[in-house]
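# Structure at a glance
Chain by chain, the residues run as shown.
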Amino acid sequence: MKKCYFDHVATNPLHPEVLEAMMPYLKEEFGNPLSVYEYGMRAKSAIETAREKVAGLVNAKSAEIIFTASGAEANNFALRGIALARQNEGKHVLVSKMEHHSVLNSARFLEKSGFAVTYLPVDRNGFVDPDTVKKSITNETVLISVTHASSEVGTIEPLKEIVRVAKERNIIVHTDAVATTGNIPVDVKDLGVDLLSMAAHQFYGPKGAAALYVRQGLRIVPLIYGGIQESGRRAGTENVPAIVGMGRAAELAKAELQKRIDYLRPLRDKVIDTMSGVERVYLTGDRVNRLPAHASFCVEYIEGEAMLLLLAAKGVFSASGSACSSKALKASPVLLSMGIPSSLAQGSIVFSLGMGNAPEDIDYLLTEFPAVIKRLREISPYAQGWGEREEGGECTVKE
Amino acid sequence: MKFVENVKPDVTTDIVYMMCPMHLLKLEEQMRELEQGQILEIMTDYDGALEDIPDWCEKTGNEFLGMEDSGDFFKFYIRKRAR
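Residues numbered from 1 in each chain as written. Chains lettered and ligands numbered in written order. Predicted model: local features only at pLDDT ≥ 70, side-chain atom pairs only at ≥ 80, totals over all residues. Heavy atoms only, no water.

### Here's the deal with the overall build of chain A
Put simply, the rule is: A helix here means a DSSP run of H or I that spans at least four residues, while a strand means a run of E at least two residues long, and both kinds are numbered starting from the N terminus. Both definitions apply: the radius of gyration is a C-alpha atom measure, and the globule rule equals 2.2 Å times residues to the power 0.38. Note on classification: 1.4 Å probe, protein chains only; a residue is buried when its accessible area is under 20% of the maximum for its type, exposed when over 50%, partly exposed between these limits. All accessibility values rest on the Shrake-Rupley procedure with a 1.4 Å probe; residue burial counts only the protein chains present in the view. The positive count covers Lys and Arg only, the negative count covers Asp and Glu only, and His and the chain ends enter neither. Where a charge sits is defined by one atom per residue type, namely NZ (Lys), CZ (Arg), CG (Asp) or CD (Glu).
Secondary structure summary: chain A contains 14 helices and twelve strands in total. In summary, chain A has a C-alpha radius of gyration of 22 Å against a globular reference of 21 Å for 399 residues, a match within 12%. For chain A, the spread of C-alpha atoms along the principal axes amounts to about 70 × 55 × 35 Å. Counting only residues that meet the buried cut, chain A has 56% of its 399 residues in that class. Summed over its atoms, the accessible surface of chain A is roughly 16400 Å², and 53% of this surface lies on carbon and sulfur atoms. Charged side chains in chain A number 45 positive and 47 negative. The centres of these two groups are separated by 3 Å.

### Considering the environment of Thr138(A)
Residues and elements named next belong to chain A. Put simply, the test is: When checking whether two residues touch, look at their non-hydrogen atoms; a contact exists if any pair is within 4.5 Å.
Residue placement: Thr-138 occurs in the loop between helix H5 (130-136) and strand E5 (141-145). Since its relative accessible area comes to 34%, Thr-138 is described here as partly exposed. C-alpha of Thr-138 to C-alpha of Ala-306: the two residues are 168 residues apart in sequence and 45 Å apart in space. The contact partners of Thr-138, leaving out residues within four places of it in the chain, are His-92 and Arg-169.

### Describing the nonpolar core
Residues and elements named next belong to chain A. Here is the rule we go by: Definition used in this section: a nonpolar core is a set of buried Ala, Val, Leu, Ile, Met, Phe, Trp, Tyr and Cys residues joined via side-chain atoms within 4.5 Å.
Among the nonpolar cores identified, the biggest contains 65 residues, and Ile-65, Phe-67, Val-133, Ile-144, Leu-196, Met-198 and Met-246 are the most heavily contacted of them. A per-element tally of this core places helix H9 (residues 240-275) first, with nine residues. Residues in contact with Met-246, not counting those within four places in the same chain, are Val-54, Phe-67, Met-198, Ala-199, Ala-200, Phe-203, Pro-206, Ala-209, Ala-210 and Ala-211. Of all hydrophobic cores here, the second largest spans 29 residues; its members include Leu-283, Ile-302, Ile-349 and Leu-376.

### Here we look at helix H1 (residues 22-33) of chain B
Put simply, the rule reads: Between the first and last residue of a helix there are one fewer steps than residues, each counted as 1.5 Å, and that sum is the expected span.
The terminal C-alpha atoms of H1(B), which comprises twelve residues, lie 17 Å apart, in line with the 16 Å expected from a rise of 1.5 Å per residue. Where H1(B) is buried, its residues meet helix H8 (229-232) of chain A together with strand E1 (11-14), strand E2 (39-44), helix H2 (49-60) and strand E4 (74-79) of chain B.

### Quick notes on the environment of Arg233(A)
All names here are of chain A. Put simply, the rule reads: Counting of polar contacts relies on pairs of N or O atoms within 3.5 Å, with two restrictions inside protein: one atom must be capable of donating a hydrogen and the other of accepting it, and residues adjacent in sequence are counted only when both atoms are side-chain atoms.
Inspection of the secondary structure assignment puts Arg-233 in the loop between H8 and H9. Residues Arg-233 and Ile-220, 13 residues apart in the sequence, show an inter-C-alpha distance of 7.9 Å. Polar contacts involving the side chain of Arg-233 include one to the main-chain carbonyl oxygen of Ala-63, which spans 3.2 Å.

### Some remarks on the packing of H1(B) against H2(B)
All names here are of chain B. As a reminder of what qualifies: Helix axes are fitted to C-alpha atoms over the stretch in contact, other axes to C-alpha atoms as well, and angles between N-to-C directions run from 0 to 180 degrees. Each crossing is labelled by how the near helix is turned from the far one, with a counterclockwise turn of less than a right angle marking it left-handed and a clockwise turn marking it right-handed. Classes in brief: Ala, Val, Leu, Ile, Met, Phe, Trp, Tyr, Cys and Pro nonpolar; Asp, Glu, Lys and Arg charged; the others, Gly included, polar.
Running from N to C, H1 and H2 cross one another at 35°; their axes reach a closest spacing of 10 Å. Pair H1 / H2 crosses with right-handed handedness. Listed contacts from H2 to His-23, Leu-24, Leu-27, Glu-28 and Met-31 of H1 are Ala-49, Asp-52, Ile-53 and Trp-56. Along the lines of polarity and charge, the residues of the contact of H1 with H2 split into six nonpolar, one polar and two charged.

### Focus on the sheet that holds strand E4 (residues 116-120) of chain A
Hydrogen bonds along the backbone pair up the strands of a sheet, which may run parallel or antiparallel. All names here are of chain A. The following threshold applies: A strand pair is defined by DSSP finding two or more bridges across the two strands.
Spatially, seven strands are ordered E2-E8-E7-E6-E5-E3-E4 in an open sheet, and the strand pairing comes out mixed. Both outer strands of the open sheet, strand E2 (65-68) and E4, are each paired with one neighbouring strand and no more. Sheet twist, expressed as the average angle between the axes of neighbouring strands with direction ignored, equals 20°. Of the pairings in the sheet, the one linking strand E3 (residues 92-96) to E4 comprises five bridges and is parallel in character. Pairing of Val-95 across the sheet is with Tyr-119, part of E4. Packing of helix H2 (residues 38-58) onto the sheet brings it into contact with E2, strand E7 (195-199) and strand E8 (210-214), and relative to E2 it is tilted by some 115°.

### What to know about the confidence of the model for chain A
What counts is decided by this rule: The quantity known as pLDDT measures the predictor's confidence residue by residue, on a range of 0 to 100.
Per-residue confidence for chain A averages 93 on the pLDDT scale, and 93% of its residues sit at or above 70. Confidence drops under a pLDDT of 50 for residues 388-399 of chain A, and excluding neighbours within four residues, the segment shows 21 contacts in the predicted structure.

### As for the interface of chain B and chain A
Under the convention used in this document: Using a 1.4 Å probe, buried area is obtained as the accessible area two parts lose upon being combined, added over both of them. A pair is scored as a salt bridge if a Lys or Arg side-chain nitrogen falls within 4 Å of a carboxyl oxygen belonging to Asp or Glu.
Listed as interface residues are twelve residues of chain B and, on the opposing side, 17 residues of chain A. With both sides pooled, the region where chain B packs onto chain A buries about 1100 Å², and carbon together with sulfur makes up 62% of that total. Arg219(A) is paired through a salt bridge with Asp14(B); the nearest N and O atoms lie 2.8 Å apart. Where chain B touches chain A, the interface holds three residue pairs in polar contact (both at pLDDT 80 or more). The class makeup of the residues in the side of chain B that touches chain A is ten nonpolar, no polar and two charged.

### Description of the confidence of the model for chain B
Do not read the fine detail of predicted coordinates wherever pLDDT is low. Per-residue pLDDT for chain B averages 92, and the proportion of residues at 70 or more is 99%. Prediction confidence for the complex, expressed as pTM and ipTM, is 0.91 and 0.76 respectively.

### A short note on the pairing of strand E6 (residues 172-176) of chain A
Residues and elements named next belong to chain A. In terms of burial, E6 is a largely internal element, five of the five residues being buried. Going residue by residue along E6, you find Ile-172, His-174 and Asp-176 tucked away on one face and Val-173 and Thr-175 tucked away on the opposite face as well. Sheet analysis places E5 next to E6, joined by three bridges and oriented parallel. Note on E6: the bridge partner recorded for Ile-144 is Val-173. Across three bridges, E6 lies against E7 in parallel orientation. If you follow Thr-175 over to E7, its bridge partner there is Leu-196.

Written out as C-alpha cells, the structure reads:
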C-alpha cells in the first residue's frame, strides 16, 4: 500500500545526515559532558558545537541558547521563568488564545499562583491584533506570549508589530516558534523577541532536543533544579546525541531553507486550491500569511477522527485539530477561539507536508481525500444539513 | 560581613537565579579575565554565596571588598590581586 506522511507538525522523519551525526554519540562517544576526562570533554565540545549551529539558525549568540528536552518544556520554562523572575514588578501576563497547551496550561498555573492572565482573542483567521495587545497591557504586565505561527491552522502572527507594541512599555515578549523555526526565516534580532522556543523534530531533527532562546542579560528562574548544566539554568545530564542531531538539523535547515519553502509551497497550494473546490470544505487559517507546507480544513457534516482513520487505511497520515484535543475528543480550543462553530470544528483536518512528499503523493491525497469525504457524508446523520445552526454562523471560504 | 556602597566595578556579572555552584564557577571564570587591581561585581540570589565568596577570596588570595544587599539579590565585590 502506498504510504504518504502528511503530519509534519506532529513530527518529522530524521534527515539521514542528522542520523549520521548522532550515531557516534549513541555508540562509542557516550561520555557525560560534565566529566573531566576525555569522554566528557568530547561530549561537551559536541554540545557546544551544536549550540553554535542552533544559534546560527535564529541569529542568536551561543550563550543565548538553552537546550531543553522539548518545545513544551521550553514554553513552560519561558512562561514560569520570566513571570517568577519579574513578579516584583507586576503580576499580569498576556497570552493569545492560539497558543499551544504548554503555554496555555503554564498560564493557568500562573493564575493559580496569583498572577492575572489575559487571553488575547483572535479573529476568524487566527490573527492576534497588535492593537488588542496594546489595549490589554496594564501597569502590571510583565510578559506577553504569542505564538509565531499556529501548527493547527498555519496562520503566521504579526509578531514584529506585537513586539513593537510591547516594547513601547518595555514588556518582555516570548514566542512559541516551534512550528516556524527551521521552516520559515526566523531571526530573533529582526523579530525583536526576548525569548523563543524551538524544537528539533520540527526541522528533521530528533525528538528529545529543543531549545529556548533567552536574550542575553535577561534573568530567568530555572524550571529544573539540580546541577550546573546549561550554565546553571537547566539541570540534568544532557541528551548529547539528540542535541548533536539538533545542531546538524539546524545547519541543514539554514542552508536549505529557501529550497524547502520553494518546493513545498506549490504542493501546499495545490492541496488548498483543489480542496477549496469541494463543497462545504473550508480552509482554516489565513490563506496568505501561513506556513508554506500547511493546509488545514474544516469539513462540514463529518467528524475529523473518522476522516483520519479512513485516510490512514488508505496510507494517508494526517491530523485532526491539536493532538491534545483529538486524544481527548474535544473540539480544538484554537478553532473555537477563531469563532468556528463547535459542530464544524469537529470536522477539522490538518495536512502538513514535508520534504519526503513527492508531487504524486499530493495527487494521491487529492484522489483519496474527496473520496473519503463523499463516503463519510453518505453515512452521516447530518447529510441533509445541521438543522438548527449554532450561534457563530458558518465558516466561509476566504477568497 | 563587610557592607559597602557605591563601589565602581570594572566588570559585572549577573547570575541571579542561576543555581549553585554557578556563583563559584562564574566567579572563577570572570576573575581569570580581570587585570590585577580590577574589581568584579557579582550579582546572585544564592544565600550560600554569603559564606562561599569570602572563603573563595581567602583561599585564592583575592581581596573581598564587601557586599551590598539589593533586596532580591546580593552584590559582591572582589578585587583581583597578584598571587
